[in-house]
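Summary of structural features
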Amino acid sequence: MLRDRPPSSRLSLGSPRQTASAIAPACIGNFGPGLDVLGVAVSGACDRVTVTRVEDGSVTIDEPGHPDLPRDAAANTAGIAARAVLLRAGIDVGVRVSIIKGLPLCGGQGGSAASAVAAAVAVNRLIGEPLDPAALLECAVEAEAIVSGRHADNVAPQLFGGVVLVRSLDPLDVVQLASPSELRIVLAHPDQKLRTAEARSVLPQFIARATVVKQLGNVAAIVAALESDDLQLLGRAMDDQIAEPARAVLLPGFTQAREAAMTAGSLGGSISGAGPTSFWLAGDDVTARRIVDAVRASYTALGIGCNARATRIAQLGSLDLPEDSTAA
Ligand code: HSE
């Protein structure tokens, strides 16, 4: 169930564009206990993808956006998503892809997913928007699956905006949830890198029933809290019994950052996506600023640099962010 969106300004297939762009916001995957099922788009930094039409059917990466990102289109999420859109649309043209990377690499803010989403939206714009949002979501998930593992809790909010629940991956079924306007979110990104594939490899295969029951209760409580604007309940429900314990050991300083954020007044928080970024919820700007300072200081005390910022839920995703905007 997705929110109504304004009708798109479809271009006629008779007047092909030569170039098109899209941006996609950062994202908190695994929002608290919502491993692979709850994601939140956040405002601020974005990835931007620009595509240029070529007639020979090839998909190439002109500019990967960072020296560590692949120039091979088959290994780059933007290239994979671009190709997937062209194949689904059955259109016999290709694209040259240029990425401006606003999101950190291996940072836990949905960087690889953002490039996939923005590429899918940009290519669809280029060819006159033949694909509907559900098909674009499939294309982005396909790209994310090849590079980081199959999950939609980043790409879905980055495409649609707000908080999104992934009810099912096969078939894809996503639900947009309410986004409390008072909610502030601190994103703390320590100077560490953790590849999603590595962070997924430490997740437990089997989980005790008592843990599952607790996790289910917390995920359900998040949905209820968002719908009723109950920030205290939202904070209490940020209790991840599955991914956080498994991944915290890979993230020096996370436990101390948690302690610092909670002491500074956070409602709750956890690891963002696969980490190393963590997120901390607050109900007002003053508390959010206090959390920024406290978490940064806790990393500094351990000799680890940390970039922390206060942000909010990004209500618009890539589909609805204007082509020429520079931030979500
Ligand atoms: N749900 C994914 C994971 C998010 O936890 O591996 C990765 O960004």
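Our focus in this paragraph is the packing of aromatic side chains. For the structure on display, the rule yields two aromatic pairs. Here F254 and W280 contribute two aromatic rings whose centre-to-centre distance is 6.0 Å and whose plane-to-plane angle is 25°, an arrangement assigned as stacked. A residue pair is termed long-range when its members are at least 10 positions apart, and F254 in helix α9 (residues 254-263) and W280 in strand β9 (residues 278-282) qualify at 26 residues. Each member of the pair, F254 as well as W280, is classed as buried.

Neighbouring residues of the ligand: N30, L35, D36, H151, D153, N154, T196, R200, R247, G273 and A274. Here D153 contributes a side-chain N or O atom positioned 2.8 Å from a nitrogen atom of the ligand. R200 places a side-chain nitrogen or oxygen 2.5 Å from an oxygen atom of the ligand. Here the ligand, which alone exposes 260 Å², has 97% of that area covered by the protein. Each residue belonging to the shell around the ligand can be placed in one class, and the counts come to two nonpolar, five polar and four charged. Shared between two domains, the shell around the ligand takes at least three residues from each, and those domains are domain 1 (7-176) and domain 2 (184-311).

The rules behind these values
Residues numbered from 1 in each chain as written. Predicted model: local features only at pLDDT ≥ 70, side-chain atom pairs only at ≥ 80, totals over all residues. Heavy atoms only, no water. Phe/Tyr/Trp six-rings, centres within 6.5 Å; stacked < 30°, edge-to-face > 60°. Helix = DSSP H or I, 4+ residues; strand = E, 2+ residues; numbered from the N terminus. Buried < 20%, exposed > 50% of the residue type's maximum accessible area, 1.4 Å probe, protein only. Near = heavy atom within 4 Å. Polar contact = N/O pair within 3.5 Å; in protein donor to acceptor, adjacent residues only side chain to side chain. Areas by Shrake-Rupley, 256 points an atom, 1.4 Å probe, with all protein chains shown as cover. Nonpolar A, V, L, I, M, F, W, Y, C, P; charged D, E, K, R; others polar. Domains from an automatic or database assignment.

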